[in-house]
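Fold and geometry: a report
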Amino acid sequence: MEKELEFYNKIKNWDFTDIKMYEENFTDWDMYKILNEKAKDSDYILDLGTGGGEKVLKYFPKVEKIIGTDISDEMIKTAYKNLRNSKKSNIEFKVMDNLNIDFQNNLFDIVVARHTCIEPKQIYKILKYGGLLLVRGVDKLDCWELKKYMEEVRLIMM
Ligand SMILES: C[S@@+](CC[C@H](N)C(=O)[O-])C[C@H]1O[C@@H](n2cnc3c(N)ncnc32)[C@H](O)[C@@H]1O
């Protein structure tokens with residue numbers, strides 16, 4: 001974990017626009033399309049492991065409040081820089097460990113976690129009953145835990 005944090009603090013963003021790359025998808029699921037279809041104006045959305053907020057600023061719908069969190073303070077600094085350049089509102093960023101979530105219970109209508117580690121029990125506490133969890137990049141243990149704890153939550157895994 002120390003090494004991972006060092007790595008993310010060093011790179012400071014998760015923006016690949018300067019890299020020539022080719023992306024291949026094995027399903028036609030589009031996480032952000034689903035997010036935009038399901039979100040309501042009054043929703044509170046949490047993006048766990050947000051990086052430099054690149055995806056929040058580019059793909060997330062306009063709702064009451066979006067909070068992006070990341071364990072790396074350098075990523076969060078970048079996210080605030082990106083937010084200032086975007087001129088978008090109702091968005092906040094905060095340093096937080098996904099394994100120690102410190103928001104009040106049942107605060108969020110939607111939780112998004114893309115390519116970051118998650119602890120389902122922690123998410124369960126802060127997601128409203130009947131809320132929506134969008135996860136991309138789950139590993140084998142996450143799948144097991146998600147099934148165990150998320151019976152009452154609509155779950156879309158990609
Ligand atoms: C692969 S990047 C993905 C960024 C973003 N979610 C995206 O899809 O572009 C992983 C991010 O998760 C963050 N991260 C890793 N472990 C974390 C943890 N325990 N708590 C919070 N963030 C974490 C990293 O700092 C990094 O910004």
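This section reports on the structure supplied with the text. What you see is a predicted model; the values in this text were computed from it and never measured.

1. A closer look at the overall build of the chain
The secondary structure content of the chain amounts to six helices and six strands. Each helix and strand of the chain, placed in order from N terminus to C terminus, yields the pattern α-α-β-α-β-α-β-β-α-β-α-β. Split into buried and exposed, the 158 residues of the chain put 41% on the buried side. Put simply, 53% of the contacts in the chain that link residues at least 6 apart link residues at least 24 apart.

2. Observations concerning the site of the ligand
Close contacts around the ligand come from 19 residues, with G49, K55, D70, N98 and R114 the closest. One of the side-chain nitrogen or oxygen atoms of K55 is found 2.6 Å away from an oxygen atom of the ligand. Protein burial of the ligand: of its 590 Å² of free accessible surface, 98% is covered by the chains. Here the shell around the ligand is composed, by residue class, of seven nonpolar, seven polar and five charged.

3. Some points on a nonpolar patch on the surface
Taken together, the side chains of F16, I19 and M21 make up a nonpolar region of the molecular surface, amounting to roughly 290 Å² of accessible area. Mapped onto the elements, I19 comes out in the loop between α1 (2–11) and α2 (31–38). I19 sits in the partly exposed class, given a relative accessible area of 48%.

4. Quick look at the pattern of salt bridges
According to the stated counting rule, one finds six salt bridges in the structure shown. Between D43 and K40 there is a salt bridge, with its nearest N and O atoms 3.4 Å apart. Looking at K40, the relative accessible area reads 48%, which means it is partly exposed. Close ionic contact of D102 with K94 constitutes a salt bridge, the shortest N to O distance being 3.3 Å.

Basis of the calculations
Residues numbered from 1 in each chain as written. Predicted model: local features only at pLDDT ≥ 70, side-chain atom pairs only at ≥ 80, totals over all residues. Heavy atoms only, no water. Helix = DSSP H or I, 4+ residues; strand = E, 2+ residues; numbered from the N terminus. Buried < 20%, exposed > 50% of the residue type's maximum accessible area, 1.4 Å probe, protein only. Contact = heavy atoms within 4.5 Å. Near = heavy atom within 4 Å. Polar contact = N/O pair within 3.5 Å; in protein donor to acceptor, adjacent residues only side chain to side chain. Areas by Shrake-Rupley, 256 points an atom, 1.4 Å probe, with all protein chains shown as cover. Nonpolar A, V, L, I, M, F, W, Y, C, P; charged D, E, K, R; others polar. Patch = residues over 30% accessible without salt bridge, like charges linked within 9 Å, V, L, I, M, F, W, Y side chains within 5 Å. Salt bridge = Lys/Arg side-chain N within 4 Å of Asp/Glu carboxyl O.

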